[in-house]
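Fold and contact review
Residues per chain are reported as follows:
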Amino acid sequence: MTTDQDVSTTTSSASDDIFWSLKTVRQKTGLSSATIYRYMALNLFPARRKLGPNRVGWLASEVKAWGESRPEPKV
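Scoring rules and cut-offs
- Sequence positions are assigned chain by chain, starting from 1 and proceeding in written order.
- pLDDT decides what is reported in this predicted model: residues at 70 or higher carry local features, side-chain atom pairs at 80 or more are listed and counted, and totals for whole chains, interfaces and linings draw on all residues regardless.
- Computation of side-chain values: all heavy atoms of the structure, hydrogens and water removed.
- Any two strands between which DSSP finds at least two bridges are classified as paired.
- Counting from the N terminus, the helices are the DSSP runs of H or I reaching at least four residues and the strands are the DSSP runs of E reaching at least two.
- Residues are treated as being in contact if the distance between any of their heavy atoms lies within 4.5 Å.
- Between N-to-C directions, angles span 0 to 180 degrees; the directions come from axes that are lines fitted to C-alpha atoms, helices contributing only their stretch in contact.
- By convention in these notes, a salt bridge is any Lys or Arg side-chain nitrogen within 4 Å of a carboxyl oxygen on Asp or Glu.

1. Notes on the sheet that holds strand β1 (residues 19-20)
Strand order in this open sheet of 3 strands is β1-β3-β2, and the pairing throughout is antiparallel. For this open sheet the edge positions go to β1 and β2 (49-52), each flanked by a neighbour on one side alone. Inspection of the sheet shows β2 paired to strand β3 (residues 55-59) by 3 bridges, in the antiparallel sense. Across the sheet, Arg49 pairs through a bridge with Gly57, a residue of β3. Together, β1, β2 and β3 form the strand contacts of helix α4 (residues 60-69), whose direction differs from that of β3 by roughly 50 degrees.

What follows is the structure in structure tokens.
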């Protein structure tokens, strides 16, 4: 059962999300631009959002969630 408090918390955290540029996504993930776009084409990476005529961005929460879903490296 969802309460009004649960809904408002979810709504406010979603509206507080920020967009990351390609440069930031590359820095945070360690992936190259080509790999990011290749993974997007294969639906293995969050989709970019069009922010303006010449600007795209990725929701930080989606990129973070993607990173957390990756398997731990075998040592």
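2. Here we look at the pairing of β3
Where β1 meets β3, 2 bridges bridge the pair, whose relative direction is antiparallel. Paired with Phe19 across the bridge in β3 is Leu59. Hairpin connection of β2 to β3: 2 residues between the antiparallel strands.

3. As for the pattern of salt bridges
One pass over the structure, following the stated rule, counts 1 salt bridge. The closest approach of N and O atoms between Arg49 and Glu62, which form a salt bridge, is 2.5 Å. On the criterion of sequence distance, the pair formed by Arg49 in strand β2 and Glu62 in helix α4 is long-range, its members being 13 residues apart.

Keep in mind that these numbers describe shape and distance, not what the molecule does.
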